[in-house]
Amino acid sequence: MPFRYQWKDASKRVICYIAEGDWNWKDYHHAACASAFTLSGVAHPVDCLIDLRCSARRTLPAGLAAHARSFGKKLQACLTGRAVVIGMPKEGIDSLPLDDANTLSTRDGAVRFVANEAELEQALSAWAVDAPG
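Let me sum up the structure you'll find in this document. (Residues numbered from 1 in each chain as written. Predicted model: local features only at pLDDT ≥ 70, side-chain atom pairs only at ≥ 80, totals over all residues. Heavy atoms only, no water.)

### Observations concerning the overall build of the protein chain
Then, in step 1: The secondary structure content of the protein chain amounts to five helices and six strands.
Then, in step 2: Start at the N end of the protein chain and walk to the C end: the helices and strands fall as β-β-α-α-β-α-β-α-β-β-α.
Then, in step 3: Since a compact globule built from 133 residues should have a radius of gyration of about 14 Å, the 14 Å found for the protein chain is in line with a globular shape.
Then, in step 4: Each principal axis of the C-alpha atoms in the protein chain carries an extent, and together these give about 40 × 35 × 25 Å.
Then, in step 5: Expressed as a percentage of the 133 residues in the protein chain, the buried residues total 42%.
Then, in step 6: Summarising the internal contacts of the protein chain: among those between residues at least 6 apart in sequence, 71% fall at separations of at least 24. (Helix = DSSP H or I, 4+ residues; strand = E, 2+ residues; numbered from the N terminus. Rg over C-alpha atoms; globule rule 2.2 N^0.38 Å. Buried < 20%, exposed > 50% of the residue type's maximum accessible area, 1.4 Å probe, protein only. Contact = heavy atoms within 4.5 Å.)

### A word on the nonpolar core
Then, in step 1: Counting residues in hydrophobic clusters, the biggest one holds 30 residues, and the most contacted among them are Tyr17, Phe71 and Phe113.
Then, in step 2: At the level of secondary structure, the elements contributing two or more residues to this core comprise strand 1 (3-7), strand 2 (14-19), helix 1 (25-34), strand 3 (46-51), helix 3 (64-68), strand 4 (79-86) and strand 6 (110-114).
Then, in step 3: With four residues, helix 1 is the single largest residue contributor to this core.
Then, in step 4: Not counting residues within four places of it along the chain, the set of residues in contact with Phe113 comprises Ala68, Val85, Met88, Ile93, Leu96, Leu98, Asn102 and Leu104.
Then, in step 5: The next biggest cluster of nonpolar side chains, apart from the first, holds eleven residues, and it includes Ile18, Leu49, Val84 and Ala123. (Core = buried A, V, L, I, M, F, W, Y, C linked by side-chain atoms within 4.5 Å.)

### Quick notes on the environment of Asp51
Then, in step 1: By the element assignment, Asp51 lies in strand 3.
Then, in step 2: Owing to a relative accessible area of 10%, Asp51 belongs among the buried residues under this scheme.
Then, in step 3: Leave out the neighbours within four places in its chain, and Asp51 touches Tyr17, Ile18, Ala19 and Ile86.

### Quick look at unusual backbone geometry
Then, in step 1: Despite not being glycine, Lys12 has its phi angle at roughly 55 degrees, a positive value.
Then, in step 2: Considering the arrangement of structural elements, one finds Lys12 in the loop between strand 1 and strand 2.
Then, in step 3: Of note, Asn102 is a non-glycine position whose phi angle comes to about 60 degrees, a positive value.
Then, in step 4: With respect to the element layout, Asn102 can be found in the loop between helix 4 (90-94) and strand 5 (103-105).

### With respect to the environment of Pro45
Then, in step 1: Structurally, Pro45 is set in the loop between helix 2 (36-39) and strand 3.
Then, in step 2: A sequence separation of 76 residues divides Pro45 from Glu121, and the C-alpha atoms of the two residues are 17 Å apart.

Below, the structure written as structure tokens:
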């Protein structure tokens, strides 16, 4: 499967969407929709992690600006609207209207783009402190 999803850890506060091999936006959206069943029984806030580090693609599929705004979309009540992306190629990041914190505002929240594991953990830790409940 080009995209799979799993919980980041046993706390179930972060759901991960992981690209593997060659993929397209349809593959990502299929995984996001399929994860709704996993998310349906969760009562606490859940952030999203989009992990592109295992992607085999040399370039991103067309339509990054539109699809990046769907990362973290509130498809279930427990989703916060926040997503963090790791492994995004530099040319993809450079094509987006990000603020100084490498964050893209969306209708449902925000998508933050990070360069490494340390930045990823920093973003998720900050959000965990801000999370209600």
